[in-house]
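Chain and residue survey
Single-letter residue listing:
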Amino acid sequence: MYLILILPLISGFIAQLIKFFIKTNKQKFNFNNILVYSGMPSGHSAMVISLSTIIGLILNWDSPIFAISIILSIIIIRDALGIRRYLGEHGKVLNILVKDLEDDEVLDKKYPHLLESIGHTPAQVLVGALIGFFISLLGYFLLY
């Protein structure tokens, strides 16, 4: 049963590690890139798909817990694709509006720079989901 906990965590960690190296390749080296919300691949998708996959493999595909994990996966992936991406667009517009205002120290303190990239594209979600699926599949066949 430890695989149900460990494999999703490993999947999320691997997705974040891949994201770190991709971002470090494009930008200067920064340890904060391992904790970013957006980017390729989606760590959220990797974790929830890994969780659903390993639950389906161990507890069976018709178990109530598998059904709950699928619903949880749909909610999290939908959130990453929709609401969080939309919030990033709002952040971008608000940052432009604050920047267009006169330079004022009070404005800078009152309106901090907002994150502009907190959601995922469908491709990022798909790659994260594939990572989660294959890590759970591999872990199940090697360790169970």
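This one's a predicted model, so the numbers in the text were calculated from it and none came from an experiment.

So, on to the overall build of the protein. Each helix and strand in the protein was counted, giving six helices and zero strands. Taken from N to C terminus, the helices and strands of the protein fall in the order α-α-α-α-α-α. Counting only residues that meet the buried cut, the protein has 38% of its 144 residues in that class. When contacts within the protein are restricted to residue pairs at least 6 apart in sequence, those whose partners lie at least 24 apart make up 72%. Total accessible area on the protein is roughly 9,400 Å²; 70% of this is exposed by carbon and sulfur atoms.

Here we come to helix α3 (residues 64-81). With 18 residues, α3 extends 26 Å from end C-alpha to end C-alpha; this agrees with the ideal 26 Å at 1.5 Å per step. Those residues of α3 that fall on the buried side of the exposure criterion are Phe-66, Ser-69, Ser-73, Ile-77 and Ala-80. All buried residues of α3 fall inside an arc of 65° around its axis, so they share one side. Exposed and facing more than 90 degrees away from the buried side of α3 are Pro-64, Ile-68, Ile-74, Ile-75 and Arg-78.

Cut-offs used in this document
- The numbering scheme is per chain: residues are counted from 1 as the chain's sequence reads.
- Per-residue local features of the predicted model are confined to residues with pLDDT of at least 70, and side-chain atom pairs are confined, for both listing and counting, to 80 or more; whole-chain, interface and lining totals are unaffected and use all residues.
- The side-chain quantities take in all heavy atoms of the structure and omit both hydrogens and water.
- For the purposes of this entry, the term helix denotes a DSSP run of H or I that reaches at least four residues, the term strand denotes a run of E that reaches at least two, and both are numbered from the N terminus.
- Per-residue accessibility, obtained with a 1.4 Å probe over protein chains only, is compared with the maximum for each type, and a residue is labelled buried under 20%, exposed over 50%, and partly exposed between these values.
- Between two residues, a contact is recorded if the distance between any of their heavy atoms is within 4.5 Å.
- Here the Shrake-Rupley method, with its probe set to 1.4 Å, supplies the accessible areas, and only the displayed protein chains count as covering residues.
- Helices are assigned an expected span. That span is 1.5 Å times one less than the residue count.
- It is the directions from the helix axis to the C-beta atoms that the arc portrays.

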